[in-house]
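The residues making up each chain are set out below.
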Amino acid sequence: MEKLYCKRIFPYLALIRIPYLSFGGETAFSNVYLIIDKELVLIDAGPWRSSYFDILSSSLDQLGLSVGDISRIIYTHAHPDHMGGGIELNKHQEFSHSIYWEAQKQVEKYGHYATRVKSISKQIFFNHLSLYPAEKDIYSNVIDSFWRPTCGEIEIVHSLYDGEIVSTGKLKFEVVFTPGHSPWDISLWEEKTATLFSGDFLLRKSTTLTGGLKGFGSDLKAYESSLQKIGKYLAKAKCVFPSHGPSIMSCSNLADDLSRTIRWREHRILQGLSKKNQRTDLMNTLLSSNQGPLALVRQLGVTLTHLEKLEKEGRVLRSQDGEEIFYEIPQCKYQAN
Ligand SMILES: [Zn+2]
């Protein structure tokens, strides 16, 4: 079994990190947070993997607890690296699964949802990989691994609403609807401890975005509204706990920093497209080809999300020629002589 990463951060909180994707020496982890209160609650379950139950139960064992003590799992959003573990746990005992109410409709039959999004994700990704046919297998593996499992069901017992308070005993978690990374993300704010659990909405250094997924992916406009909405919580937060990467201790400028990153990326994309002043191939202009598959998948997701926003705003035009997709900046047709 893999080496365990399990750490008691506060008396009321433990972090368990679960690996999910490994390619070219790079491994991605998901953070699972265990709230230790009158009730034992997981915030996100992490990804599916065959050793999942052993990893979780050994981690809880280290804390002097057991999986059987967990009563509820709250999912920050419906991505497989956050929900897959819930399917696996479900095989061993019944839990109360909670997710944002609009996501509930999509994920009740989780297998159907995962299969559908996997096929869209592959199709969109391959459309943009026409220049790299030889590498399709590698990227196919990344997408297949990410959207596994394609079977299994989760019955959402409790759907969550914006502003709802979920009590675990002494702690009270406010559900804050913060869409943008996915259509149905929530963050959880705990006033007494001044902590925010941000899922994939706020990460320490960057945003994680997955564009091009036909309504299932990221939406930059919604994301920017969520950044504004979360500002008042960040102003008083002592710590933000994201579902990937390290916790964030200095939080007050986080939303501003992420907004700046978004504006900088947008500027870079427009600059890249305008320099050549012609239909420009996405992969050549915006992405460097010498990256590992995980980084490339992430970077393509971010770039597509930006392009979708610019396209909606009429600032970028998209066209397709056979298998290839082109983007260009619309030119003013009627220039003064
Ligand atoms: Zn996600």
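Residues numbered from 1 in each chain as written. Predicted model: local features only at pLDDT ≥ 70, side-chain atom pairs only at ≥ 80, totals over all residues.

Peer 1: For this particular structure, what's the right way to read the sheet that holds strand β8 (residues 165-167)?
Peer 2: In a beta sheet, neighbouring strands are held together by backbone hydrogen bonds and run either parallel or antiparallel to one another. A sheet is described by the order of its strands in space; here five strands give the open sequence β8-β9-β10-β11-β12, paired in mixed fashion. Pairing within the sheet leaves two strands with one partner each, and these edge strands are β8 and β12 (239-242). Taken over all neighbouring pairs, the strand axes of this sheet differ in orientation by 25° on average, direction set aside. Looking at chain direction, strand β10 (residues 186-190) and strand β11 (residues 195-199) are connected through three bridges and run antiparallel. Residue pairing for β11: Trp-189 is matched across the bridge by Leu-196. (Pairing = 2+ DSSP bridges. Helix = DSSP H or I, 4+ residues; strand = E, 2+ residues; numbered from the N terminus. Axes fitted to C-alpha atoms, helices over the stretch in contact; angles between N-to-C directions.)

Peer 1: Help me understand the confidence of the model for the protein chain, please; the structure alone is not making it clear to me.
Peer 2: Segments scoring low in pLDDT should not have their predicted coordinates read at a detailed level. Per-chain confidence: the protein chain averages 86 in pLDDT, with 90% of residues scoring 70 or above. In the model, residues 333-337 has pLDDT below 50 throughout and makes zero contacts with residues more than four positions away in sequence or in other chains. (pLDDT = per-residue confidence, 0-100. Contact = placed C-beta atoms within 7 Å.)

Peer 1: Whenever I open this one, the nonpolar core confuses me. Can you help?
Peer 2: Note that soluble globular proteins tend to have their nonpolar side chains buried in a common cluster. In terms of nonpolar packing, the biggest core is built from 83 residues, with Leu-34 and Val-107 touching the most fellow members. Those residues in contact with Leu-34, other than ones at most four positions away along the chain, are Ala-14, Ile-16, Leu-40 and Leu-42. (Core = buried A, V, L, I, M, F, W, Y, C linked by C-beta atoms within 7 Å. Buried ≥ 20, exposed ≤ 12 C-beta atoms within 10 Å, placed from the backbone.)

Peer 1: I'm lost on the environment of Leu-129 in this one. Help?
Peer 2: Counting through the fold element by element, Leu-129 comes out in the loop between α4 (110-127) and α5 (136-146). Setting aside residues up to four positions removed in sequence, Leu-129 forms contacts with Glu-135, Lys-136 and Tyr-139.

Peer 1: Is there a simple way to explain the packing of α5 against helix α9 (residues 293-312) in this structure?
Peer 2: Each packed pair of helices is defined by two parameters, the angle between the axes and the distance between the axes. Look at α5 against α9: their axes get within 10 Å of each other, and the N-to-C directions meet at 75°. The orientation of α5 with respect to α9, classified from their angle, is roughly perpendicular. When α5 is examined against α9, the residues Ile-138, Tyr-139 and Val-142 are found in contact with a partner set consisting of Pro-293, Leu-294 and Val-297. Residues of the contact of α5 with α9, tallied by class, amount to six nonpolar, no polar and no charged. (Parallel < 35°, antiparallel > 145°, perpendicular 65-115°, else oblique. Nonpolar A, V, L, I, M, F, W, Y, C, P; charged D, E, K, R; others polar.)

Peer 1: What's the story with the packing of α4 against α5 in this structure? I'm lost.
Peer 2: In contact at an axis separation of 10 Å, α4 and α5 are set at 150° when each is read in the N-to-C sense. Taken together, α4 and α5 sit at an angle that is classed as roughly antiparallel. At the point where α4 passes α5, the crossing takes the right-handed sense. Contact residues: α4 offers Lys-118, Ser-121, Lys-122, Phe-125 and Phe-126, while α5 offers Lys-136, Tyr-139, Ser-140 and Ile-143. For the contact of α4 with α5, a count of residues per class yields four nonpolar, two polar and three charged. (Left-handed = near helix turned anticlockwise from the far one by under 90°.)

Peer 1: I tried to follow helix α6 (residues 220-236) on my own but got confused; where do I start?
Peer 2: Side chains three or four residues apart in an α-helix point the same way, a direct result of the helix having 3.6 residues per turn. The end-to-end C-alpha separation of α6 is 25 Å, in line with the 24 Å expected for 17 residues at 1.5 Å each. Most pronounced at Ile-230, the bend in α6 amounts to some 40°. Considered for burial, the residues of α6 that qualify are Leu-220, Tyr-223, Ser-226, Leu-227, Ile-230, Tyr-233 and Leu-234. (Expected span 1.5 Å × (residues − 1). Bend = angle between axes of the 7 residues up to and from the residue.)

Peer 1: Help me out: how do you make sense of the sheet that holds strand β1 (residues 6-10) in this one?
Peer 2: Taken together, seven strands build an open sheet; the order of strands is β1-β2-β3-β4-β5-β6-β7 and the sheet is mixed. In this open sheet, the two strands that pair with only one neighbour each are β1 and β7 (156-160). Strand-to-strand twist of the sheet, defined as the mean angle between neighbouring strand axes without regard to direction, takes the value 25°. Two elements, β1 and strand β2 (residues 13-23), share four bridges in a ladder whose sense is antiparallel. Each bridged residue has a counterpart across the sheet, and for Lys-7 the counterpart in β2 is Leu-15.

Peer 1: In this structure, what is going on with the environment of Gly-24? I would like to understand it.
Peer 2: If you trace the backbone, Gly-24 turns up in the loop between β2 and β3 (26-36). Taking the C-alpha atoms as reference points, Gly-24 and Gly-292, separated by 268 residues in sequence, lie 6.8 Å from one another. In this view, Gly-24 contacts Gly-292 and Pro-293; residues no more than four positions away in its chain are not counted.

Peer 1: Even after reading the chapter, I still don't get the pairing of β3, so can you show me in this structure?
Peer 2: Two faces, one strand: in a regular strand the side chains alternate between the faces of the sheet. With ten bridges connecting them, β2 and β3 associate as antiparallel partners. Bridge pairing links Leu-15 to Tyr-33 in β3. What sits between the antiparallel neighbours β2 and β3 is a turn of two residues, in which Gly-24 has the positive phi angle 55°. In this structure, β3 lies alongside strand β4 (residues 40-43), joined through four bridges in antiparallel fashion. Each residue of the ladder has a partner; that of Ile-36, found in β4, is Leu-40.

Peer 1: Is there a simple way to explain helix α1 (residues 52-62) in this structure?
Peer 2: Among the residues of α1, those classed as buried are Tyr-52, Ile-55, Leu-56, Ser-59 and Leu-60. End-on, the buried residues of α1 take up no more than an arc of 125°, which puts them together on one face. Just past α1, the residue Gly-64 takes up positive phi, approximately 75°. (Arc of directions from axis to C-beta.)

Peer 1: Please clarify how the pairing of strand β5 (residues 70-74) should be interpreted in this entry.
Peer 2: Bridge count between β4 and β5: four bridges; the pairing is parallel. Opposite Val-41, over in β5, you have Arg-72 as the bridge partner. Regarding topology, α1 serves as the crossover connection from β4 to the parallel β5, and that connection is right-handed. As defined by bridge partners, β5 adjoins strand β6 (residues 96-100) across three bridges and the pair is classed as parallel. In the sheet register, Arg-72 faces β6, and the bridge partner there is Ser-96. (Right-handed = clockwise from strand over helix to strand, strands pointing away.)

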